[in-house]
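Survey of secondary and tertiary structure
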Amino acid sequence: MKVLSLTLFATLLVIYCTAQKPVLIKNINPTSQSYISNLTLFKDKVFFSAADDRGSALWCTDGTSQGTIKVKDVIAGMNSSNFNLPFTVMGDKMFFVGKLSELWVSDGTTNGTKLIKQFSNGNHSGLGEFTAFENKLFFRVDNGEGDALWVTDGTPEGTVKIKNFIQSNDAYRYPANMMVINDKLFFRFGEGSVANELWTTDGTEASTVRLLKIETSDAPLMDNFTAIGNKIFFRLNSDLWVTNGTPSNTFPLCKILGNWSPQFGNEKNVGEFYNLIL
């Protein structure tokens, strides 16, 4: 029995070590680095960006050499940079950002990989915070006119700006921490280094409203957004806050500390203590 157990263990060890051994699938760029990145599972294949002697392109693989193919050239030139932002899958579409802040969409085929829109400032960091909601993709754009909230359905005509925020060169100011709850999209918006705001939208400009604005003498810390049931909990400096998506029900769960005061969208005054029954 002891010999059988050792034999079985040795067999399993060989199988495990063999399974873990890396295998070269394809050498995409034999003469230089291929900069493979953004590996994303989509339609039972792994899609990724890689560079060859023609530039950076969208590739996919089924795990075999024959099944590892270039889908479409995106950035021309041997010394071109690779895609700098992760791919985002939404249903039967995959979105990614190419050069000069180009927003692309792909259905996994060459003909179905198309440029949706090129934004003006030519900076990869100008696009980000991609979040799927109601079969559309929401994202932020800095196109030289200020930070704005945009939405796309994957077509040029369906790619529109929802709301433009005040022009600023402050890196703190852009829609971030997007999350969906109760058929609404929530996001944080920083106003320079002295304020943080909580906003919500259902995808239209009219519905994009501010729930909360906090002003401080120092940069306020608003993060750790977590959805539980129909509420969102988040940290604001040293305090725990909660919202159900309305200004009157956005408040702290503990005593307010520090030299700052909350300003609600409905200008309602709040006291020092709050109770919440979950």
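What counts, and where the lines are drawn
- Residues numbered from 1 in each chain as written.
- Predicted model: local features only at pLDDT ≥ 70, side-chain atom pairs only at ≥ 80, totals over all residues.
- Heavy atoms only, no water.
- Helix = DSSP H or I, 4+ residues; strand = E, 2+ residues; numbered from the N terminus.
- Buried < 20%, exposed > 50% of the residue type's maximum accessible area, 1.4 Å probe, protein only.
- Contact = heavy atoms within 4.5 Å.
- Pairing = 2+ DSSP bridges.
- Axes fitted to C-alpha atoms, helices over the stretch in contact; angles between N-to-C directions.

The subject of this paragraph is the overall build of the protein chain. When you go through the protein chain residue by residue, the secondary structure sums to 1 helix and 21 strands. Per-residue burial over the protein chain gives 42% buried out of 278 residues. Of the contacts made within the protein chain by residues no fewer than 6 positions apart, 37% connect residues no fewer than 24 positions apart.

Either a parallel or an antiparallel arrangement is found when strands of a sheet pair, and the pairing is made through backbone hydrogen bonds. Read across the sheet, 4 strands follow the order β1-β2-β3-β4 without closing on themselves; strand pairing throughout is antiparallel. One side of each edge strand has no neighbouring strand; the edge strands of this open sheet are β1 (37-42) and β4 (69-76). If you compare each strand with its neighbour and ignore which way they point, the axes differ by 25° on average. The pairing of strand β2 (residues 45-52) with strand β3 (residues 55-61) spans 7 bridges and is antiparallel. Within the sheet, the bridge partner assigned to Phe47 lies in β3 and is Cys60.

A few words now on the pairing of strand β9 (residues 127-133). Counting buried positions over the 7 residues of β9 gives 5, a clear majority of the element. When β9 meets strand β10 (residues 136-142), the two strands line up antiparallel, connected through 5 bridges. Counterpart to Gly128 in the pairing with β10 is Arg140. Counting the residues between successive antiparallel strands, the hairpin from β9 to β10 contains 2 residues, one of them, Glu134, with a positive phi of roughly 55°.

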